[in-house]
Amino acid sequence: MPFSLKGKSAVLFDMDGVLYDSMPNHSKAWTQAMAHFGMKMTPEDVYLHEGCTGRATVARISLRERGHETTETEEQDIYDYKAGLFRAMPAAPVMPGAMEVFRKVRQAGLQILIVTGSGQKNLIERVQRDFEGFITRDRMVTSFDVKRGKPYPDPYLKGLSIAGVPASKAVVVENAPLGIRAGVAAGIETIAVNTGPLSDDILLAEKPSFLLHSMQELADSIDSLLS
Ligand code: CA
């Protein structure tokens, strides 16, 4: 059966790489921060880990690069350093097409929620200003709200509980392989929007229901998906 949004009542949007074109900044900040602590992290690593909490990312790269576990303090220190570099960068633009998607989803009467692995307080506040009227903090799941981040289903399950809908009535919009894995693990049909440099195959391996290449493409096709 072709993918459809018919009968859905909530859309759960990821933030980085979906609502903001922020991944190039994250990529620079991560590679520089890890290099500062003597570890190599490539831009591809950044996209492959995207969606994980910052500390989980540090833990995985550290294990690979140094062969030993990190302490919680060390994870936090490295993540804080990365977050500092990220904050110093020019603000990432809103993803082209994202506002139009929000408008059309709202018009169709579906709930809008944001489910992000981000712990960037400035971006979590900014999203509420940039998408004012569409999103408030109580409609967001961030790294502050769950113990286990993506690729675990927990953030999306929490999103379902806030929306008050079963998985079958929701749709996830994600750009990252681990984010897609989290949505699928929560039992939610997931739209992959491949806005980064990874090949489609890497995203398709996580079994999204549908794959597009930009939020503008989603905006352009959403009316037909809804009918
Ligand atoms: Ca993302």
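Going by the structure above, here's the rest.
Because the structure is a prediction, the values reported are computed rather than measured.

Q: Break down unusual backbone geometry for me, citing the residues and quoting the values.
A: Residue proline 151 is bonded to the preceding lysine 150 through a cis peptide linkage, with omega at 15°. As for its placement among the helices and strands, proline 151 is situated in the loop between strand 3 (140-141) and helix 7 (154-163). Despite not being glycine, lysine 207 has its phi angle at roughly 65°, a positive value. On the basis of relative accessibility, which here comes to 63%, the residue lysine 207 falls in the exposed class.

Q: Give me the lowdown on the coordination of the calcium ion, citing residues and values where you can.
A: Protein ligation of the calcium ion involves Asp14 (OD), Asp16 (O), Glu50 (OE) and Asn175 (OD1), the donor distances falling in the range 2.1 to 2.3 Å. Spacing between the donor residues of the calcium ion along their common chain follows D-x1-D-x33-E-x124-N. Taken together, the residues aspartate 16 in the loop between strand 1 (10-13) and helix 1 (23-36) and asparagine 175 in the loop between strand 4 (170-174) and helix 8 (177-185) connect sequence positions 159 residues apart. There is no split in this pair, since aspartate 16 and asparagine 175 are both buried.

Q: Can you lay out helix 7 for me, pointing to particular residues and giving the numbers?
A: All of the buried residues along helix 7 are Pro155, Tyr156, Gly159, Leu160 and Ala163. For helix 7, the angular spread of buried residues about the axis comes to 145°, placing them on one side. On its buried side, helix 7 packs onto strand 1, strand 2 (111-115), strand 3, strand 4 and helix 8.

Q: Now, about the nonpolar core: what can you tell me, with residues and values included?
A: Grouped together as the largest cluster of nonpolar side chains are 36 residues, with contacts concentrated most on Phe13, Leu19, Phe131, Val173, Met215 and Leu218. Those elements that place two or more of their residues in this core are strand 1, helix 5 (98-107), strand 2, helix 6 (121-130), strand 4, strand 5 (189-193) and helix 10 (215-226). In terms of residue count, helix 10 provides more of this core than any other element does, five residues in total.

Conventions and cut-offs
Residues numbered from 1 in each chain as written. Predicted model: local features only at pLDDT ≥ 70, side-chain atom pairs only at ≥ 80, totals over all residues. Heavy atoms only, no water. Helix = DSSP H or I, 4+ residues; strand = E, 2+ residues; numbered from the N terminus. Buried < 20%, exposed > 50% of the residue type's maximum accessible area, 1.4 Å probe, protein only. Donors = N, O, S within 2.8 Å, 3.2 Å for Na, K, Ca; no water. Arc of directions from axis to C-beta. Contact = heavy atoms within 4.5 Å. Core = buried A, V, L, I, M, F, W, Y, C linked by side-chain atoms within 4.5 Å.

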